[in-house]
Amino acid sequence: MNNAERMDNPGADIEPSKEALAFGTDEKPKAKISDSPPPYDETSNDDKRKQEYPMTRLQIIKNLLVVSFGFLFLFTSFQSLANLQSSLNREEGLGTWGLATIYIALVLSCMFLPPFIIDILGCKWTVAFSMLCYILYMVANFYAVWGTIIPAAIILGIGAAPLWSAKCTYLTETGTWYAKMTGASHDDIVNRFFGIFFMIFQTSQIWGNLISSLVFSERGQNASSGVSAEILELCGPNNCPSHSDAYINNTNLQKPTIEQVYTVCGIYVGFACIGFFIITLLLDRIVLDKEAARAPGQKRLSFDLVWETFRHLINNHYQKLLIPLTIYSGVEQAFIAGDFTRSYVSCSVGIWNVGYVMICYGVVDAFCSFTFGRLVQYVGHIPFFILAFVVHISCQITLLLWLPNPDQFYVFFILAAMWGIGDAVIQTQVNALYGWLFSDNPEAAFSNYRLWESVGFIIAFGYSFNLCTSVKLYFCIGNLVVGMVLYGVVEVLQRRSKSKSFDITPTK
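Bear in mind that the values here come from a model prediction, so they are computed numbers and not experimental data. (Residues numbered from 1 in each chain as written. Predicted model: local features only at pLDDT ≥ 70, side-chain atom pairs only at ≥ 80, totals over all residues. Heavy atoms only, no water.)

Engineer: Would you explain the overall build of the protein chain in this entry?
Structural biologist: On a plain count of helices and strands, the protein chain comes out with 20 helices and zero strands. Buried residues in the protein chain amount to 55% of all 508 residues. Contacts spanning at least 24 positions in sequence make up 86% of the contacts within the protein chain whose residues lie at least 6 apart. Carbon together with sulfur atoms contributes 63% to the accessible area of the protein chain, which is approximately 22400 Å² in total. (Helix = DSSP H or I, 4+ residues; strand = E, 2+ residues; numbered from the N terminus. Buried < 20%, exposed > 50% of the residue type's maximum accessible area, 1.4 Å probe, protein only. Contact = heavy atoms within 4.5 Å. Areas by Shrake-Rupley, 256 points an atom, 1.4 Å probe, with all protein chains shown as cover.)

Engineer: Even after reading the chapter, I still don't get the side chain of glutamine 396, so can you show me in this structure?
Structural biologist: With respect to the secondary-structure elements, glutamine 396 resides in helix α17 (residues 382-401). The class for glutamine 396 is buried, based on a relative accessible area of 0%. If we ignore the near neighbours within four places in the chain, the residues touching glutamine 396 are Tyr328, Trp419, Leu473, Cys476, Ile477 and Leu480.

Engineer: What exactly am I supposed to notice about the pattern of salt bridges here?
Structural biologist: For side chains of opposite charge, pairing can occur when their charged atoms come near one another. One pass over the structure, following the stated rule, counts four salt bridges. Of the charged contacts, one joins lysine 472 and aspartate 339 as a salt bridge, the two residues approaching to 2.6 Å between their closest N and O atoms. Here lysine 472, found in helix α20 (residues 469-502), pairs with aspartate 339, found in helix α15 (residues 323-349); they are 133 residues apart in sequence, far enough to count as distant. The same class applies to lysine 472 as to aspartate 339, namely buried. Put simply, Asp339, Arg342 and Lys472 are held in one network by salt bridges that share partners. (Salt bridge = Lys/Arg side-chain N within 4 Å of Asp/Glu carboxyl O.)

Engineer: Can you help me understand the packing of helix α13 (residues 308-315) against helix α19 (residues 442-462) in this one?
Structural biologist: A pair of packed helices is characterised by two quantities: the angle between their axes and the separation of those axes. Between α13 and α19, whose axes approach to 8 Å, the crossing angle comes to 85 degrees. Overall, the two elements α13 and α19 adopt an arrangement that is roughly perpendicular. Taken together, the residues of α19 that come into contact with α13 (itself represented by Glu308, Thr309, His312 and Leu313) are Ala444, Ala445, Ser447, Asn448 and Trp452. Taken together, the residues of the contact of α13 with α19 break down into four nonpolar, four polar and one charged. (Axes fitted to C-alpha atoms, helices over the stretch in contact; angles between N-to-C directions. Parallel < 35°, antiparallel > 145°, perpendicular 65-115°, else oblique. Nonpolar A, V, L, I, M, F, W, Y, C, P; charged D, E, K, R; others polar.)

Engineer: What is the right way to look at the packing of aromatic side chains in this model?
Structural biologist: Each pair of aromatic rings is reported with the distance of its centres and the angle of its planes. Scanning the model with the defined rule gives 32 aromatic pairs in all. Relative to phenylalanine 197, the ring of tryptophan 164 has its centre 6.4 Å away and its plane inclined at 90 degrees; by these criteria the two rings are edge-to-face. Taken together, the residues span a long stretch of sequence, with tryptophan 164 in helix α5 (residues 146-182) and phenylalanine 197 in helix α6 (residues 186-202) at a distance of 33 residues. The exposure class of tryptophan 164 is buried, given its relative accessible area of 7%. For phenylalanine 197, a relative accessible area of 0% corresponds to the buried category. Seen from their ring centres, tryptophan 164 and phenylalanine 201 are 5.6 Å apart, and the 85 degrees between their planes marks the pair as edge-to-face. Taken together, the positions of tryptophan 164 in helix α5 and phenylalanine 201 in helix α6 put the pair 37 residues apart, joining distant regions of the chain. Residue phenylalanine 201 is classed as buried on the basis of its relative accessible area of 3%. Taken together, Phe71, Phe75, Phe78, Tyr134, Tyr137, Trp164, Phe197, Phe198 and Phe201 form an aromatic cluster joined through their ring pairs. (Phe/Tyr/Trp six-rings, centres within 6.5 Å; stacked < 30°, edge-to-face > 60°.)

Engineer: Where do I start with the environment of arginine 374 in this structure?
Structural biologist: On the secondary structure map, arginine 374 appears in helix α16 (residues 354-379). Considered as a pair, arginine 374 and arginine 192 are 182 residues apart in the sequence and their alpha carbons are 5.6 Å apart.

Engineer: Would you explain the nonpolar core in this entry?
Structural biologist: In a soluble, globular protein the nonpolar side chains are often hidden away together inside. Counting 140 residues, the largest nonpolar core has Phe71, Phe75, Phe78, Tyr134, Tyr137, Leu163 and Phe340 as the members making the most contacts within it. No other element matches the 18 residues that helix α4 (residues 94-140) contributes to this core. Non-local contacts of leucine 163, meaning those with residues more than four positions away in its chain, are made with Phe71, Leu74, Phe75, Thr126, Val127, Ser130, Met131 and Tyr134. (Core = buried A, V, L, I, M, F, W, Y, C linked by side-chain atoms within 4.5 Å.)

Engineer: Honestly, a nonpolar patch on the surface in this entry has me stumped. Any pointers?
Structural biologist: Where nonpolar side chains cluster on the molecular surface, the patch consists of Ile120, Leu121, Trp125, Phe129 and Leu132 and spans about 430 Å² of accessible area. We classify leucine 132 as partly exposed; its relative accessible area is 41%. (Patch = residues over 30% accessible without salt bridge, like charges linked within 9 Å, V, L, I, M, F, W, Y side chains within 5 Å.)

Engineer: In this structure, what is going on with the state of the cysteines? I would like to understand it.
Structural biologist: Should the sulfur atoms of two cysteines be covalently bonded, the bond is a disulfide. Scanning the entire structure with this criterion turns up one disulfide. Across a sulfur-sulfur distance of 2.0 Å, cysteine 235 and cysteine 347 are joined as a disulfide pair. Every disulfide takes its handedness from the sign of the S-S torsion; for cysteine 235 and cysteine 347 that torsion is -75 degrees, giving left-handed. Highlighted residues: cysteine 235 in the loop between α8 (229-232) and α9 (244-248) and cysteine 347 in helix α15, separated in sequence by 112 residues. Just as cysteine 235 is buried, cysteine 347 falls in that class too. (Disulfide = S-S within 2.5 Å.)

Engineer: Hey, could you run me through the side chain of serine 80 in this one?
Structural biologist: Locating serine 80 in the fold gives a position in helix α3 (residues 57-88). A relative accessible area of 0% means that serine 80 is categorised as buried. Excluding its chain neighbours within four sequence positions, the residues that come into contact with serine 80 are Phe75, Ser204, Gly208, Asn209 and Tyr268.

Engineer: How should I be thinking about the environment of phenylalanine 71 in this particular structure?
Structural biologist: Summarising the element assignment, phenylalanine 71 is placed in helix α3. Spatially, the C-alpha atom of phenylalanine 71 lies 10.0 Å from that of isoleucine 274, the residues being 203 residues apart in sequence. Once residues lying within four places of it in the same chain are set aside, the contact partners of phenylalanine 71 are Thr76, Val127, Met131, Leu163, Trp164, Lys167, Phe197 and Phe201.

Engineer: What is the right way to look at helix α18 (residues 409-437) in this model?
Structural biologist: For an α-helix, the turn length of 3.6 residues means that residues three or four places apart are oriented alike. Between its terminal C-alpha atoms α18 stretches 42 Å, which fits the 42 Å expected from 29 residues at 1.5 Å a residue. Counting buried positions along α18 gives 23 out of 29 residues, so the element sits mostly inside the fold. (Expected span 1.5 Å × (residues − 1).)

Engineer: I tried to follow the environment of threonine 96 on my own but got confused; where do I start?
Structural biologist: Structurally, the position occupied by threonine 96 is in helix α4. As for threonine 96 and aspartate 339, which are separated by 243 residues in sequence, their C-alpha atoms are 9.9 Å apart. With residues up to four places along the chain from it excluded, the contact list for threonine 96 reads Ser86, Arg342, Phe461, Ser464 and Phe465.

Engineer: Help me understand the confidence of the model for the protein chain, please; the structure alone is not making it clear to me.
Structural biologist: Interpreting fine coordinate detail is not advised for predicted regions of low pLDDT. For the protein chain, per-residue confidence averages 79 on the pLDDT scale, and 78% of positions sit at 70 or higher. Considering each helix and strand of the protein chain separately, the mean pLDDT is smallest for helix α1 (residues 3-8), with a value of 45, and largest for α17, with 94. This model gives residues 220-224 a pLDDT under 50, and the stretch forms three contacts once residues within four places in sequence are excluded. Per-residue pLDDT stays below 50 along residues 295-302; that stretch engages in nine contacts with residues further than four places along the chain or on separate chains. (pLDDT = per-residue confidence, 0-100.)

Have a look at this one:
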């Protein structure tokens with residue numbers, strides 16, 4: 001169409017890239033007017049934002065909730081079953097050795113698998129595939145013997161590292177997009193996302209433990225509600241492997257019936273399957289920014305990805321300094337799930353009360369996870385880490401000095417609640433700290449996080465049937481002190497680094 005025809009037909013369609021032709025030239029303009037929009041052109045800004053981010057803000061929030069509820073259903077089953085292992089499968093330490101095996105396999109998995117699996121399957125399908133490994137372990141508890149629990153624990157451990165790395169990477173990546181879209185601080189948004197996730201996630205302690213307590217509350221006519229003074233002397237900090245034969249005969253520690261075990265395991269497997277379908281059907285796939293920047297031929301596996309976790313550990317001083325605190329994250333979770341439930345709760349007030357006490361722990365943990373994730377933007381990380389230090393040190397000293405007594409039933413709930421406050425800080429703030437410090441390489445960073453947290457679990461479950469509870473508490477205290485001191489060093493170095501980056505005064 002020539003210029004005259006175009007003048008005669010002003011309503012004809014004009015392609016944006018040929019707009020300049022309407023002004024009498026056949027040369028394609030070098031830049032569109034929309035490429036350099038004026039500050040007041042909101043439509044152009046919206047179009048630009050849509051091109052830059054593959055999700056809207058609403059989609060990001062939806063996916064945050066999908067991830068959170070998927071993990072809620074999965075860990076309603078797994079965490080509650082883990083809480084019962086030291087009491088339910090206590091012969092020859094099968095339950096705790098199974099848990100230790102999970103984290104040994106998880107350490108090996110952390111070293112190699114997460115970058116591989118995430119690169120091949122993407123975050124969504126990595127999470128879904130890993131959930132199947134957890135479901136297999138729960139099925140193995142229908143027939144809990146060494147030949148079923150240990151192989152299933154190995155498979156679960158292999159799948160756990162990709163699961164958590166993919167989840168953390170997904171939340172960090174979408175949180176980064178959300179921060180840029182809203183103009184908010186990256187650290188604040190990542191903290192908020194992890195706070196919301198852990199608020200929902202930690203309620204798994206409520207539902208799973210409620211299920212176990214209700215099922216196991218049917219104790220039969222021969223069950224006793226009393227505990228002899230001799231048995232109580234062997235509970236709490238005095239609980240040692242050499243006393244196992246004495247207190248295992250306590251009627252409160254008698255194993256539930258086969259029917260009760262099958263009922264609990266069946267419910268837990270059903271919940272885990274619901275979590276799997278939530279992820280597979282509702283979670284949107286994402287392409288990581290670092291993947292989008294790669295050339296097409298470099299998108300899949302490379303030798304460098306295998307060693308990315310190690311390079312991150314070797315080259316990043318912040319990562320080295322955070323190792324003790326990350327280990328403590330595993331140690332404290334293992335203690336509350338294994339030693340507290342066995343040495344204090346089931347030993348003195350019965351296995352059916354484990355669930356009720358852990359519900360209190362889960363409620364407080366969930367509430368504090370959400371609250372702390374919101375408040376950190378106003379006061380920073382440091383006050384919350386100080387709170388965690390004070391609360392957990394107080395709990396551990398109390399557990400060293402207190403001999404559990406059924407007449408002081410409320411004390412079990414107070415200690416569980418205080419431990420939940422500290423755990424909420426450790427889980428949300430350490431995860432968010434990793435996401436903030438290592439946002440340029442989240443897969444390797446979170447692989448290191450899971451690796452060193454797993455070392456903590458291995459240490460705690462590994463010595464579970466070899467040391468007295470008092471010795472374990474001393475180890476917890478020492479680990480916590482060292483971890484918090486080195487975290488303080490990270491804060492000092494980070495602040496100095498920031499001050500230097502803003503100091504642009506030329507030197508003479």
